[in-house]
Amino acid sequence: MTEPRHQEVQDAAAGLPALPPAEELDRALRDATPTEIIAAALQAVGRERLALVSSFGTESAALLKLAADVDPAIPVVFLDTGWLFEETLAYRDELIARLGLRDVRSIKPLEQTLSREDPDRELWFSDPDACCRIRKVEPLNRALAPFSAWINGRKRFQGGARAEIPIVEADGGRLKFNPLANISPEDIAGIYASAGLPPHPLVASGYLSVGCMPCTSRTTPDEDSRAGRWRGRAKTECGIHTVKAS
Ligand code: SF4
């Protein structure tokens, strides 16, 4: 018999209904549009139990726009690592106003963790996995504690570990929805164009993907969009998608 996961135990203790199986939802939504997938996530768990996680990066406005059209009050979790570009923080504020997002939660790492594990702010260089753990993975786990499901913006066309992502997957005891899994770069550009969405301010300077300042560089035209992340390192993901949430 499979042991119930931490989140399932919490939900049961709170009297919340059990989550539908991820495989069943994935099968049902395999050919659904991103909007249909977001609506299905909302229907599956309800707004109180659903969060969207966004980096407010170069393609983020597309998912945020689609989610705002479904329900602008869906909680949005933004990981403010302490190493973000000022332009990203300004873009977050611009999109909140533009899309009428009503519940954006900017989550920071715990001060005591930073002073204990990264007092000199050099961990990004000496041990980027540990840096991502204390600045992204742990804060995300904390932010997702009240939720039973989350939505994120990964696309299969981004390649690497993302090439095979399903529409819905189990993430620890939570459901994880990937509404943009199936779409193309052209689809994203189409959403920006039809909704008149502003580009991230750093796109004009040659950044195709934007994360933390020390770990983001410009890309050349022959590179894929994530080539500028952790350049020169074996690392390709920060851990929030490769470490299962507890
Ligand atoms: S992306 Fe870089 S600076 Fe940001 S948390 Fe990870 S290692 Fe640290």
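Note that the coordinates shown come from a computational prediction; the quantities given were computed from them, not determined experimentally.

Cut-offs used in this document
- Residues numbered from 1 in each chain as written.
- Predicted model: local features only at pLDDT ≥ 70, side-chain atom pairs only at ≥ 80, totals over all residues.
- Helix = DSSP H or I, 4+ residues; strand = E, 2+ residues; numbered from the N terminus.
- Buried ≥ 20, exposed ≤ 12 C-beta atoms within 10 Å, placed from the backbone.
- Contact = placed C-beta atoms within 7 Å.
- Expected span 1.5 Å × (residues − 1).
- Pairing = 2+ DSSP bridges.
- Axes fitted to C-alpha atoms, helices over the stretch in contact; angles between N-to-C directions.
- Near = placed C-beta within 6 Å.
- Nonpolar A, V, L, I, M, F, W, Y, C, P; charged D, E, K, R; others polar.
- Right-handed = clockwise from strand over helix to strand, strands pointing away.

A. Quick peek at the environment of P214. One can find P214 in the segment after α9 (185–195). For P214, a count of 15 C-beta atoms within 10 Å puts it in the partly exposed group. Through-space distance from the C-alpha of P214 to that of P34 is 32 Å; in sequence the pair is 180 residues apart. Dropping the residues within four chain positions of it, P214 is found in contact with W83 and W124.

B. Fine view of helix α3 (residues 34–45). For α3, with 12 residues, the first-to-last C-alpha span of 17 Å sits near the 16 Å given by 1.5 Å per residue. Phi for G46, located one or two positions after α3, is positive at around 85°.

C. View of the sheet that holds strand β5 (residues 168–171). Across the sheet, which stays open at both edges, the 6 strands sit in the order β3-β2-β1-β4-β6-β5 with mixed pairing between neighbours. Of all strands in the sheet, those with a lone pairing partner are β3 (104–107) and β5, marking the two edges. Neighbour to neighbour, the strand axes of the sheet diverge by 30° on average, direction disregarded. When strand β4 (residues 149–151) meets strand β6 (residues 174–177), the two strands line up parallel, connected through 3 bridges. Bridging across to β6, I151 finds its partner in F177. The sheet strands contacting helix α2 (residues 22–29) are β5 and β6, and the helix crosses β5 at an angle near 165°. Each of β1 (50–53), β2 (76–79), β3, β4 and β6 touches helix α8 (residues 128–144); the most contacted strand, β2, lies at about 160° to it.

D. Broad picture of unusual backbone geometry. Although it is not a glycine, F56 adopts a positive phi angle of roughly 50°. Judged by the 26 C-beta atoms lying within 10 Å of it, F56 falls in the buried class. Of note in this structure, R121 is not a glycine but carries a positive phi near 55°. On the secondary structure map, R121 appears in the loop between α6 (111–117) and α7 (123–126). With 12 C-beta atoms packed within 10 Å, R121 lands in the exposed category.

E. Molecular detail of the site of the ligand. Near the ligand you find 13 residues, and of these P128, C131, C132, C212 and C215 are the closest. By residue number, the principal contributor to the shell around the ligand is α8, which donates 5 residues. Here the residues of the shell around the ligand sort into 9 nonpolar, 2 polar and 2 charged.

F. Highlighting the pairing of β2. Of the two faces of β2, both are covered, the one formed by V76 and F78 as well as the one formed by V77 and L79. In this sheet, β2 lies alongside β1 in parallel orientation, the contact comprising 2 bridges. Note on β2: the bridge partner recorded for V53 is V77. Chirality of the crossover, the property in question, places the unit of β1, helix α4 (residues 60–70) and β2 among those that are right-handed. Bridge analysis of β2 against β3 gives 4 bridges, and the strand direction is parallel. By the bridge assignment for β3, V76 is matched with V104. The β-α-β motif built from β2, the intervening helix α5 (residues 86–99) and the parallel element β3 has right-handed crossover chirality.

G. Seen up close, the environment of L52. Among the structural elements, L52 can be located in strand β1. Judged by the 27 C-beta atoms lying within 10 Å of it, L52 falls in the buried class. Counting along the chain gives 11 residues from L52 to L63, while the straight-line C-alpha distance between them is 9.1 Å. Beyond its immediate chain neighbours, meaning those up to four positions away, L52 contacts A67, I74, V76, W150 and I151.

H. Structural detail: α5. Between the first and last C-alpha of α5 there are 20 Å, a value that for 14 residues agrees with the 20 Å anticipated at 1.5 Å per step. Buried positions along α5 lie against α4 and β2. Just downstream of α5, G100 is the residue with a positive phi angle, here 70°.

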